[in-house]
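# Examining the three-dimensional arrangement
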Amino acid sequence: MSGNRAGDSVLCVRDLVKRYGDAVAVDGIGFEVQEAEIFSLLGHSGCGKSTTLRMVAGLEEPDAGSIELRGATVSDAARGIHVPAESRNVGLVFQSYAIWPHMTVFDNVAYPLTVRRRDRADIRRRVLEICEVVGMGAFVDRPSTALSGGQQQRVALARAMVYEPDILLLDEPFSNLDAKLREEMRLQLQQVQARFNTTIVYVTHDQTEALALSHRIAVMRDGAVEQIGAPEDIYGNPANFFVQSFVGRVIVLRGEVGEAGNVHLQAGPEAVLPGAGKEFSGRAVRVTVRPEDIFLPEPSAPGDAVWIEGRIAARSYGGDHMDYTVAVDGAEFGLRLDKNALFAPGSAIRLGFAAEAARLWPA
């Protein structure tokens, strides 16, 4: 692999813009990706993350901004620079596996080395090594048509990594797989990345996937970046309401800020956050709480807990737990409780949370 040490910048994107007619797909975004980092672009479909990846790959030409790969400019709209995709040392894996059906596993993985005219012995050594790492060592002679979806994706990953690209670009690579296989592939990708110190830009709309895989995440909306940070920062310290509501589950309650900044929630007479809303004095607010911060009334509950009142809309048995749908203040949210905490559908429920667990956003 490259001699660059961890912490060096591999990819630098500055003020990138892409338009399709009057529609702005990417609106001035910028970020850097460091050596041996998994950097995820996370957002809803249509937010511009795949377009951004395609510009990094050289498959799309930006209307403005620049892209540097290992310090070399590969795209600069202002200077008319656009290095074509085949001249950028990047690996690509998309949703569709793009495995050549007339080739064996070995030939598929070897193809990038073959076109680069590598020595035959070197090709064989490298292909066998990477196939073993991705779990396809026993299948190198198998026809591609005899592979499962998960095996095909492993071949696509091996083929993208076999020539040691400067950066690996993955666009929703596991979205066609079932949930169990997606989890297996995520773990395998982490193992491969750790072994080879591969630098990865990973595009996904799956927040769980992004949180589990990434060293850092860029949360995107409408072609712009809302926040960049480590998974624990994105989840625990969201920059705005959109980030918190998109990344992880959240309970949203309505409130009004009264005298002394006290926030009076519409979820019950005891639902008051004392002094928490001074910056929103006299305004309506949204109060957000993570489900894991909710608790039932019990002797160990904190004395300054905020209590809300709701109704059980539905429940389902989950083996070691019960999943409830709780209706509070005209909205519903999911709540997982111990299997011994039994509430019948339609019954009232009182729930609490610590005041410091809540966040306030303008309504």
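## Details of helix α2 (residues 105-115)
Buried within α2 are the following residues: V105, F106, N108, V109, A110, P112 and L113. Where α2 is buried, its residues meet α3 (120-133) and α4 (149-161).

## Remarks on the pairing of strand β17 (residues 321-328)
Most of β17 sits inside the fold, with 6 of its 8 residues counted as buried. Taken together, the 6 bridges between strand β16 (residues 306-317) and β17 define a ladder with antiparallel strand orientation. By the bridge assignment, A314 is partnered in β17 with T325. As consecutive antiparallel partners, β16 and β17 are separated by 3 residues, and within that stretch G319 has a phi angle of approximately 85°, a positive value.

## Looking at the side chain of E37
With respect to the element layout, E37 can be found in the loop between β2 (23-34) and β3 (38-42). Using a relative accessible area of 6% as the deciding quantity, one classes E37 as buried. Excluding its chain neighbours within four sequence positions, the residues that come into contact with E37 are E32, Q193, T198, T199, I200, H215 and R216.

## Let's talk about the sheet that holds β16
If you trace the 4 strands from one edge of the open sheet to the other, you get β18-β17-β16-β19, paired in antiparallel fashion. Every interior strand has two partners, whereas the edge strands, β18 (331-338) and β19 (348-353), have only one. When the angles between neighbouring strand axes are averaged without regard to direction, this sheet yields 45°. Note that β17 and β18 share 8 bridges and pair antiparallel. Across the sheet, D323 pairs through a bridge with R336, a residue of β18.

## Things to note about the domain arrangement of the chain
Taken domain by domain, the chain comprises domain 1 (6-245) and domain 2 (249-362). A straight line from the C-alpha centre of domain 1 to that of domain 2 covers 39 Å. Counting each side, the surface lost to burial between domain 1 and domain 2 is near 870 Å², with a carbon and sulfur contribution of 48%. Among the elements of the structure, α7 (231-236) and α8 (241-246) are those that each provide at least two residues to the side of domain 1 that touches domain 2. The leading source of residues in the side of domain 1 that touches domain 2 is α8, at 3 residues. Along the lines of polarity and charge, the residues of the side of domain 1 that touches domain 2 split into 4 nonpolar, 6 polar and no charged.

## Some points on the packing of α2 against α3
One way to put it is that α2 packs onto α3 with a least axis distance of 10 Å and a crossing angle of 125°. Overall, the two elements α2 and α3 adopt an arrangement that is oblique. The handedness of the crossing between α2 and α3 is right-handed. Contacts between α2 and α3 pair V105, F106, V109, A110, L113 and T114 from the former with I123, R124, R126, V127, L128, I130 and C131 from the latter.

## Here we look at the sheet that holds strand β20 (residues 359-362)
Sheet architecture is open: 5 strands sit in the order β14-β13-β12-β15-β20, paired in antiparallel fashion. Single-partner strands in this sheet number two, and they are β14 (272-273) and β20. Relative to β20, strand β15 (residues 284-289) runs antiparallel, the two sharing 4 bridges. By the bridge assignment for β20, V287 is matched with L360.

## Some details on the environment of S214
Assignment of secondary structure puts S214 in the loop between α6 (207-213) and β10 (216-221). S214 sits 121 residues away from V93 along the chain, and the two C-alpha atoms are 17 Å apart. Not counting residues up to four positions away in its chain, the partners in contact with S214 are I38, S40 and P231. For S214, the side chain forms a polar contact with the side chain of S40, separated by 2.6 Å. Separated by 2.6 Å, the side chain of S214 and the backbone oxygen of A210 make a polar contact.

## What about the pattern of salt bridges?
Using the criterion set out here, one finds 16 salt bridges in the structure. Here D166 makes a salt bridge to R70, at a shortest N to O gap of 2.8 Å. A residue pair is termed long-range when its members are at least 10 positions apart, and D166 in the loop between α4 and β8 (167-171) and R70 in the loop between β4 (64-69) and β5 (72-76) qualify at 96 residues. The class for R70 is partly exposed, based on a relative accessible area of 24%. Via salt bridges that share partners, R118, D122, R125, R126, E129 and R195 belong to a single interconnected network.

## Some remarks on α4
Between its first and last C-alpha, α4 extends 19 Å over 13 residues, near the 18 Å set by a 1.5 Å rise per residue. Here α4 lies mainly inside the structure; 11 of its 13 residues are buried. Among the residues of α4, G150, Q151, Q153, R154, V155, A156, L157, A158, R159, A160 and M161 are the ones counted as buried. Of the surrounding secondary structure, the elements contacted by the buried residues of α4 are β7 (90-93), α2, α3, β8 and α5 (179-196).

## Some points on the nonpolar core
One finds V109, V127, L170 and L189 to be the most contacted residues of the largest nonpolar core, which totals 38 residues. If you list the elements that add at least two residues to this core, you get α2, α3, α4, β8, α5 and β9 (200-204). It is α4 that provides the largest number of residues to this core, a total of 6 residues. For V127, the contacting residues outside a window of four places in its chain are F106, V109, A110, L113 and V162. In terms of nonpolar packing, the next biggest core, distinct from the first, is built from 29 residues, L273, V287, V306 and M322 among them.

About the thresholds
Residues numbered from 1 in each chain as written. Predicted model: local features only at pLDDT ≥ 70, side-chain atom pairs only at ≥ 80, totals over all residues. Heavy atoms only, no water. Buried < 20%, exposed > 50% of the residue type's maximum accessible area, 1.4 Å probe, protein only. Helix = DSSP H or I, 4+ residues; strand = E, 2+ residues; numbered from the N terminus. Contact = heavy atoms within 4.5 Å. Pairing = 2+ DSSP bridges. Axes fitted to C-alpha atoms, helices over the stretch in contact; angles between N-to-C directions. Domains from an automatic or database assignment. Buried area = accessible area lost by both parts, 1.4 Å probe. Nonpolar A, V, L, I, M, F, W, Y, C, P; charged D, E, K, R; others polar. Parallel < 35°, antiparallel > 145°, perpendicular 65-115°, else oblique. Left-handed = near helix turned anticlockwise from the far one by under 90°. Polar contact = N/O pair within 3.5 Å; in protein donor to acceptor, adjacent residues only side chain to side chain. Salt bridge = Lys/Arg side-chain N within 4 Å of Asp/Glu carboxyl O. Expected span 1.5 Å × (residues − 1). Core = buried A, V, L, I, M, F, W, Y, C linked by side-chain atoms within 4.5 Å.

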